[in-house]
Amino acid sequence: DKKNYILAIESSCDDTSAAVLCNTKVLSNVVATQEIHRQYGGVVPELASRAHQQNIVPVVHQALAKANIDKKQLSAIAFTRGPGLMGSLLVGTSFAKSLALGLNIPLIEVNHMEAHILAHFIEDGDKTPPKFPFLGMTISGGHTQIVKVCDHFDMEILGETLDDAVGEAFDKSAKLMGLPYPGGPLVDKYSKLGNPNAFEFPKPKVDGLNFSFSGLKTSILYFLQRETQKNPAFVEENINDICASVQYTILEILMDKLTLAVEQTGIQEIAIGGGVAANSGIRARLKEAEEKMGWKTYIPKFEYCTDNAAMIGIVGYLKFLKGDFTNQSVAAKARYAI
Ligand code: KG4
Ligand code: ZN
């Protein structure tokens, strides 16, 4: 088989990433995470684009070096066109266009949300990818979507969040408890020591397969205000139980919608991705659904769940096989539907 080398670039939010793939195999996947945003408790777009500008060349050099590939061996360059922060997307887009022009090789544009789903097709030992049709659920700090996937490039969004993403729900709840950003992993950690039924939070009433998480944040805020008025040490004394109850509510929301999607489509192949896929609770709930409901579930390696260029590279390779190239007039797109 012919070896095609794809260089992929991802810069949609606050991670600058470059990867080199040989067909479906990842040779390198370098991610420069921008620590600068921590002190602000969230991503600051202006700082993100500036950091991308500083990081992009070293990150690409590292990806090529780690893959032990010379840029002259590259078959094509794939990049994230959108969706994402405009200032961030522009850096990766401009860089990819210039390099493809300089090397005189094909340029391939990639939709970031498609990439989160197609990350499941990255070669990973003897793991098999999900079979079509499957349901993809992308859950991260920026996204919450359920997608019906009939083929690599035949996808339909069945539902998505109307306000906050699920990762934001974790992070904002954590912030209300005084935990540092991003709080999701800490909520997960403390949950393991707490009682998920200690406190009850309302689940939003949203029709169909759409999500809403902003009401949960508000009810947690009022709950914590009320309790700390009675006992100023309430959060400190009950952190494990609060985290466990918040996480339980979020997982119930996700599992309810996923169950509804399975009922509506009759599809029991479930593939999840995004940073929140690292949550130990969601992993346990999916395992349980495999046993009790006969679902088949798939979770990629953590490094392919969070924002990364390897997932852009696999889409790049699949488009390369189809000859689906773009040209030098392509522009970044902040809003870009699947
Ligand atoms: O995919 P990602 O790295 O970046 C975005 O595209 O947003 O996802 C980051 C999000 C953050 O909200 C973070 O708190 C959440 O994923 N996260 C978790 C866990 N690990 C990361 N949330 C809950 N439990 C975890 N273990
Ligand atoms: Zn993402």
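Residues numbered from 1 in each chain as written. Chains lettered and ligands numbered in written order. Predicted model: local features only at pLDDT ≥ 70, side-chain atom pairs only at ≥ 80, totals over all residues.

### Observations regarding the confidence of the model for the protein
Quick reminder of the rule: pLDDT expresses, on a scale from 0 to 100, how confident the predictor is about each individual residue.
A residue-level look at the protein finds 100% of positions with pLDDT of 70 or above and a mean pLDDT of 96. Scored as a complex, the prediction yields pTM 0.95 and ipTM 0.98.

### Things to note about the sheet that holds strand β6 (residues 134-139)
Note the threshold: Paired strands are those between which DSSP finds at least two bridges. Per the convention used, a helix needs a DSSP run of H or I reaching at least four residues, while a strand needs a run of E reaching at least two, with both numbered from the N terminus. Only the stretch in contact is used when fitting a helix axis, every axis being a line fitted to C-alpha atoms; angles between N-to-C directions are given from 0 to 180 degrees. It is the C-beta atoms, placed from the backbone, that decide contacts: two residues are in contact if theirs lie within 7 Å.
Read across the sheet, five strands follow the order β8-β7-β6-β9-β10 without closing on themselves; strand pairing throughout is mixed. One side of each edge strand has no neighbouring strand; the edge strands of this open sheet are β8 (154-160) and β10 (296-298). Each neighbouring strand pair of the sheet contributes to a mean axis angle of 25°, computed without reference to strand direction. In this structure, strand β9 (residues 269-273) lies alongside β10, joined through three bridges in parallel fashion. The residue bridging Ala 271 from the neighbouring strand is Tyr 298, located in β10. With respect to the sheet, helix α7 (residues 234-265) is in contact with β6, β7 (144-151), β8 and β9, its orientation differing from that of β6 by roughly 160°.

### Digging into the site of ligand 1
Put simply, the rule reads: In this analysis a residue is considered near a molecule or strand if the C-beta atom, reconstructed from its backbone, is found within 6 Å of that molecule or strand. Domain start and stop positions are those given by an automatic or database domain assignment.
Around ligand 1, 18 residues are found, and the nearest of them are Gly 141, Gly 167, Gly 184, Gly 275 and Thr 306. When contributions to the shell around ligand 1 are tallied by element, the ones reaching two or more residues are α4 (166-176) and α5 (184-191). If you count residues domain by domain, the shell around ligand 1 takes at least three from each of domain 1 (5-120 + 305-322) and domain 2 (130-299).

### Some points on α7
Formally: Multiplying one less than the number of residues by 1.5 Å gives the expected span of a helix.
If you check α7, its first and last C-alpha atoms are 44 Å apart, about what 32 residues at 1.5 Å a residue would give, namely 46 Å. One or two steps after α7, the chain reaches Gly 266, where phi turns positive at roughly 75°.

### Side note on the domain arrangement of the protein
With domains assigned, the protein is organised as domain 1 (5-120 + 305-322) and domain 2 (130-299). One C-alpha centre belongs to domain 1, the other to domain 2, and the line joining them spans 28 Å. Residue-level contacts link 14 residues of domain 1 with 19 residues of domain 2. When residues in the side of domain 1 that touches domain 2 are grouped by element, the largest group, five residues, is from helix α3 (residues 112-118).

### Comments concerning the UniProt feature "binding site: substrate" (unreviewed entry) in the protein
Our working definition: UniProt positions are given in the numbering used here, feature names are shortened, and annotations may be inferred rather than shown by experiment. Exposure classification rests on a simple neighbour count of other C-beta atoms within 10 Å of a residue's own: a residue reaching 20 or more is buried, one at 12 or fewer is exposed, and one in between is partly exposed. C-beta atoms are placed from the backbone.
Within this numbering scheme, the UniProt entry marks Thr 138, Ile 139, Ser 140, Gly 141, Gly 142, Asp 171, Gly 184, Asp 188 and Asn 279 as carrying the feature "binding site: substrate" (unreviewed entry). Tracing the backbone through its elements, the reader meets Ser 140 in the loop between β6 and β7. Judged by C-beta crowding, with 23 C-beta atoms within 10 Å, Ser 140 ranks as buried. Ser 140 has contacts with Ala 165, Gly 167, Gly 274, Gly 275 and Val 276, leaving out every residue within four places of it along the chain. Residue position: Asp 188 is located in helix α5. Residue class for Asp 188 comes out buried when judged on the 20 C-beta atoms lying within 10 Å of it. Apart from residues no more than four positions distant in its own chain, Asp 188 is found in contact with Gln 247, Asn 279, Ser 280 and Gly 281.

### Let's talk about the environment of Ile 139
Relative to the assigned elements, Ile 139 resides in strand β6. Classification of Ile 139 as buried rests on a count of 27 C-beta atoms within 10 Å. Taking the C-alpha atoms as reference points, Ile 139 and Leu 158, separated by 19 residues in sequence, lie 14 Å from one another. When sequence neighbours within four positions are dropped, the list of residues in contact with Ile 139 reads Thr 144, Val 166, Gly 167, Leu 254, Ile 272, Gly 274, Val 276 and Ala 277.

### Considering unusual backbone geometry
Pro 83 follows Gly 82 through a cis peptide bond whose omega is -5°. For Pro 83, the position within the fold is in the loop between β4 (76-82) and α2 (86-103). Put simply, Phe 132 and Pro 133 share a cis peptide bond, and its omega is -10°. Within the secondary structure, Pro 133 sits in the loop between α3 and β6.

### Points about the UniProt feature "binding site: Fe cation" (unreviewed entry) in the protein
According to UniProt, the "binding site: Fe cation" (unreviewed entry) feature falls on His 112, His 116 and Asp 307. In terms of the greatest pairwise C-alpha distance, the residues named above, spread along 196 residues, form a tight cluster of at most 8.9 Å across. Assessed through the 25 C-beta atoms surrounding it within 10 Å, His 112 is described here as buried. Those residues in contact with His 112, other than ones at most four positions away along the chain, are Ser 12, Thr 80, Gly 82, Pro 83 and Gly 84. Position of His 116 relative to the elements: it lies in helix α3. On the basis of neighbour count, His 116 is assigned to the buried category, with 32 C-beta atoms found within 10 Å. Apart from the residues within four sequence positions on either side, His 116 is in contact with Thr 138, Gly 273, Gly 274 and Met 311.

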